[in-house]
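# An overview of the molecular structure
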Amino acid sequence: MTGPGRKAPATPGRKAPAKSVAPIGAVEPVHAVEPVVAVEPARLRVRWLAAGVGAVVVAVIAGLALGPVGLNPGGVFIELLDLLPGVHLHSGLSASEQAIVTQLRLPRVCLGLLVGATLAVAGGTYQGVFRNPLADPYLLGIAAGAGLGATIAIVGGHAFAQLPGAGGSGTPIYVPFVAFIGALVAVTMTYALGAAGGTARTPAVLLLAGVAVTAFLTAGQTYLQQRYVETIREVYSWIMGRLTTAGWHDVLLLLPFAVITIGVMIGYRRQLDVMSVGDAEAESLGAHPRRTRLVLVVVASLGTAAAVSVSGLIGFVGIIVPHTVRLMAGTSYRVILPLSALFGGAFLALADLGARTLTAPDEIPIGVVTAFFGAPFFIVILRTSRRL
Amino acid sequence: MRRPVPTIASAAVLAVLTLAGVGLAGCGSSGSTSAAPAASASSTEAVTYPVTQDGTTLSAKPTHIISMSPTATDMLFTIGAGSQVIAVDKNSDFFGANAPATTPPADIDAFQPNAETIAAKNPDLVVLSDDTNKIKEALVKLKIPVYMAPAATTIDDTYHQMTALGALTGHPTTAAAAVAAEKKAIGDDLAKLKPRTKPLTFYYELDQTFYSVTSKTFIGSLFGMAKMTNIADAGNASNPYPQLSAEVIIKANPDVIFLADTDCCQQSAVAVAKRPGWSTIGAVKEQQVVPIPDDVASQWGSRVPKLLDTIVTESNAAPTS
């Protein structure tokens, strides 16, 4: 988004459109000349960046200090310092309390940050690529593909366990990998279907293809669940979100995917701004919307697939966070994507804190928390803001 | 587009599945023994019909029974009505203490029951544990008698269902003997229980995301009979099947861990020990992680004494804390 008198370069060496960019949406508003959206700066303001970093810090501190088990905050802090190389301190925490801090809360907070950031940035990217405010990271069938992949892996694990000599034990450790493959297959199917019949892969066609692929794969998952009903409990456990059992293994699994895909998506923030005026106009400005769309769809899908494969299906993050950022801090993707990474991570880490403390010692599925708190918060933002 | 928001529904499904134990009981451990007496499949008892039990009235002795519940199947064979059973649901794999050489076909889907499929077998009694998809109403419309044997919440529910099925199927005496034998076996189990100055604490795991049971459940009540303290009781009293937080379990430091997810979810003592932070738990350090076959853990039929015997044995074996 460029503001009046602030023609920020869309790509190196090129000028952004002089006119204000309309908010994302498949249909241009009739009153597109409304200048409201144009007053926001295209550049990320330091105060919002500080707010994002502050949100992450608050989420980390709260996520580590609070939980269903009451721990001495000072002890928790010292225990964390003790993790640093060359530092040897006695926190006063018992062995089980130390394990709670270092092996449960810390990896869970880290995974929440990574998953939340990935889903939020992917959501913002999808919204920009498809110019559709309802786009979310699961748009192109990723959730259905990952769900089917996980189901196949779990069913396969049970079948393997029943083979002679298998030792009676399935191997659910490969579930995330198969879920990841399933998600990528789903996106590939959507993209292939989007070009079927000789039509171009327009955003609208891709969206419809995503709906079709989602329905198809969901039906496959449902069939498998009914056919192998003894696995249904494990499948649902996976679908409901896996932060509950997160460990360092999951963090390390996701970390490279999250860092790379978030980095690439944020790197394309200027091109997304240019694309928001439409393909034809973007091309006239020297951009390559089709190529950019392909790259971003692949990267966002890869990041989402990686996140889903280790965390299960967690909704709302990819919708709520980018829109909230857009409404509060600005409509340029140079603002939306970096802040979505920060606020998305903080949001999910805090949602996970709510999941494990609101009804302690019981847990609440994190998807329930993100929906219960995210949706009303989003409505408040909508009602108090003039922008969308 | 599929959104994961309906996790509430998913949670409800999981809770219902977990609660009822239906269908999850189908895997493993066929051929286990029960404490119930051996019942003759050909035994005949003089019973005057019509007979009414819990709202179900039969005008004649049923000879074409369909069981839609693994526990009901167990009970029917235990009370001597096995020869009258013509079909069972796909998850029924335990046919009482003395399983017949030829068991009825297990070809009915209890999760997606179809009234036409059931009616095609011309049953004169259908035993259900859940009214899935309003199957009871559909069968009643087809003039097929239905007996509901829902998941027991107390051991008395088990005795009541066995007695009622005995009356309906023409085996009241055998059913009474089976109930008496089960009561005696449970009494014998509890008599073996070693007294402790401090009750053992335990964690009962339904799945690897830490769903558990409180003492308000049937399975939870068995541990209460064995004088053990359930760490899940500390939570929300209104939820009998809570999902505990891992850190709560670690902090509670249970003396014994019972795994009821060995078949469904491939959990084991080794897998538990590998979980982050769980090596600090006393039950893991003392190797007091006890696997229980999923079906034994989720049924309320003739194998309850066997389950209680496992609980008592592990309680006696656990070191004094």
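Residues numbered from 1 in each chain as written. Chains lettered and ligands numbered in written order. Predicted model: local features only at pLDDT ≥ 70, side-chain atom pairs only at ≥ 80, totals over all residues.

Scanning chain B for helices and strands turns up 12 helices and 11 strands. Across the 321 residues that make up chain B, the buried fraction comes to 55%. Sequence-distant contacts in chain B: of pairs separated by 6 or more residues, those separated by 24 or more amount to 68%. (Helix = DSSP H or I, 4+ residues; strand = E, 2+ residues; numbered from the N terminus. Buried ≥ 20, exposed ≤ 12 C-beta atoms within 10 Å, placed from the backbone. Contact = placed C-beta atoms within 7 Å.)

Let us now look at the overall build of chain A. Helix and strand counts for chain A come out as 14 helices and zero strands. In chain A, the succession of α and β elements from N to C terminus is α-α-α-α-α-α-α-α-α-α-α-α-α-α. Per-residue burial for chain A yields a buried fraction of 55% across its 388 residues. Put simply, of all contacts in chain A between residues at least 6 apart along the chain, 76% involve residues at least 24 apart.

Looking now at the pairing of strand β8 (residues 201-205) of chain B. Residues and elements named next belong to chain B. Burial runs high along β8: four of the five residues are buried. Of the strand pairs in this sheet, β8 and strand β9 (residues 229-230) are connected by two bridges, and their pairing is parallel. Residue pairing across strands places Thr201 opposite Thr229, the latter belonging to β9. Each parallel crossover has a hand, and for β8 linked through helix α7 (residues 218-225) to β9 it is right-handed. For β8 and strand β10 (residues 256-259), the ladder comprises four bridges, and the chain directions are parallel. Note on β10: the bridge partner recorded for Tyr204 is Phe258. (Pairing = 2+ DSSP bridges. Right-handed = clockwise from strand over helix to strand, strands pointing away.)

Let us now look at the sheet that holds β8(B). One open sheet accounts for four strands, arranged β9-β8-β10-β11 (chain B); its pairing is parallel. Each edge of the open sheet carries a strand with a single partner, namely β9 and β11 (289-291) of chain B.

All names here are of chain A. With 20 residues, helix α8 (residues 248-267) extends 28 Å between its outermost C-alpha atoms, agreeing within 8% with the 28 Å of an ideal straight helix rising 1.5 Å per residue. The largest bend along α8 measures about 35 degrees and falls at Leu254, with the proline Pro256 one to four residues further on. Three or more residues of α8 are buried, namely Asp250, Val251, Leu254, Phe257, Ala258, Thr261, Ile262 and Met265. Taken together, the buried residues of α8 touch α3 (95-130), α11 (289-311) and α13 (333-357). (Expected span 1.5 Å × (residues − 1). Bend = angle between axes of the 7 residues up to and from the residue.)

With that out of the way, let us pick up the sheet that holds strand β4 (residues 85-89) of chain B. Strand pairing in a sheet relies on backbone hydrogen bonds, with the paired strands running either antiparallel or parallel. Residues and elements named next belong to chain B. With parallel pairing, five strands are arranged side by side in an open sheet as β5-β4-β3-β6-β7. With partners counted over all chains shown, the strands left at the sheet margins are β5 (106-108) and β7 (146-148), one partner each. If you compare each strand with its neighbour and ignore which way they point, the axes differ by 30 degrees on average. With respect to the sheet, helix α2 (residues 70-78) is in contact with β3 (65-67), β4 and β6 (125-128), its orientation differing from that of β3 by roughly 135 degrees. (Axes fitted to C-alpha atoms, helices over the stretch in contact; angles between N-to-C directions.)

We now examine the domain arrangement of chain B. Residue and element names in this part refer to chain B. Considered domain by domain, chain B is made up of domain 1 (31-183) and domain 2 (192-317). For domain 1 and domain 2, the distance between their C-alpha centroids amounts to 30 Å. Between domain 1 and domain 2, the residue contacts involve 22 residues of the former and 12 residues of the latter. Of all the elements in the fold, those that place two or more residues in the side of domain 1 that touches domain 2 are α2, α5 (155-169) and α6 (172-191). Looking at which element gives the most residues to the side of domain 1 that touches domain 2, the answer is α2, with five residues. Residue composition of the side of domain 1 that touches domain 2, grouped by class: 10 nonpolar, nine polar and three charged. (Domains from an automatic or database assignment. Nonpolar A, V, L, I, M, F, W, Y, C, P; charged D, E, K, R; others polar.)

Let us look at the confidence of the model for chain A. All names here are of chain A. Averaged over every residue, the pLDDT of chain A is 81; residues scoring 70 or more account for 83%. Taken element by element, chain A is modelled with least confidence in helix α7 (residues 232-239), mean pLDDT 77, and with most confidence in helix α1 (residues 46-65), mean pLDDT 96. Taken as a whole, residues 1-39 scores under 50 in pLDDT and shows 78 contacts with residues more than four places along the chain or in a different chain. Ignoring residues within four places in sequence, the model shows residues 164-171, a span with pLDDT below 50, making 13 contacts including any to other chains. (pLDDT = per-residue confidence, 0-100.)

Further remarks concern the packing of α3(A) against α13(A). All names here are of chain A. Where α3 contacts α13, the axes come no closer than 6 Å and their chain directions differ by 145 degrees. Crossing of α3 against α13: the hand is right-handed. Residues belonging to the contact of α3 with α13 are distributed by class as follows: 16 nonpolar, eight polar and two charged. (Left-handed = near helix turned anticlockwise from the far one by under 90°.)

Attention shifts here to the pairing of β10(B). Residue and element names in this part refer to chain B. Residues Val256 and Phe258 of β10 are buried on one face, and the alternating residues Ile257 and Leu259, pointing to the opposite face, are buried as well. Where β10 meets β11, three bridges bridge the pair, whose relative direction is parallel. Across the sheet, Phe258 pairs through a bridge with Val290, a residue of β11.

Next up on the list: unusual backbone geometry. Across the junction of A:Ala360 and A:Pro361, the peptide omega takes the value 5 degrees, indicating a cis bond. The omega torsion of the bond from B:Tyr49 to B:Pro50 falls at 5 degrees, within 30 degrees of zero and hence cis. Tracing the sequence through the fold places B:Pro50 in the loop between α1 (7-20) and β1 (51-53). Phi at B:Phe210 is positive, roughly 75 degrees, even though this residue is not glycine. Position of B:Phe210 relative to the elements: it lies in the loop between β8 and α7. The class for B:Phe210 is buried, based on 23 C-beta atoms found within 10 Å.

Here we take up the confidence of the model for chain B. A low pLDDT means the predicted coordinates there should not be read in detail. Residue and element names in this part refer to chain B. On average, residues of chain B score 85 in pLDDT, and 85% of them reach the 70 mark or higher. Contacts for the low-pLDDT stretch residues 1-42, under 50 throughout, to residues beyond four places or in other chains number 135 contacts. For this predicted complex, the interface confidence reaches an ipTM of 0.71, while the overall pTM sits at 0.76.

Here we take up the environment of B:Lys136. For B:Lys136, the location among the structural elements is in helix α4 (residues 135-141). Separated by 168 residues in sequence, B:Lys136 and B:Val304 have C-alpha atoms that sit 27 Å apart.

Now for the nonpolar core. Of all hydrophobic cores here, the largest spans 164 residues; its most connected members are A:Ile142, A:Ala183, A:Leu254, B:Phe202 and B:Ile257. Broken down by element, the residue count for this core peaks at 19 residues, all from α3(A). If sequence neighbours within four positions are ignored, A:Leu254 has contacts with A:Leu111, A:Leu114, A:Val115, A:Ala306, A:Ala307 and A:Val310. Residues B:Leu58, B:Met75, B:Leu125 and B:Val126 belong to the second largest nonpolar core, which totals 36 residues. (Core = buried A, V, L, I, M, F, W, Y, C linked by C-beta atoms within 7 Å.)

Next up on the list: the packing of α13(A) against helix α14 (residues 366-384) of chain A. Residue and element names in this part refer to chain A. Running from N to C, α13 and α14 point in directions that differ by 115 degrees, and their axes come no closer than 9 Å. The orientation of α13 relative to α14 falls into the category roughly perpendicular. Regarding α13 and α14, the two cross each other, and that crossing is right-handed. Residue-level inspection shows Ala351, Asp352, Gly354 and Ala355 of α13 in contact with α14, the latter providing Ile366, Val369, Thr370 and Phe373. For the contact of α13 with α14, the class distribution of residues is five nonpolar, two polar and one charged. (Parallel < 35°, antiparallel > 145°, perpendicular 65-115°, else oblique.)

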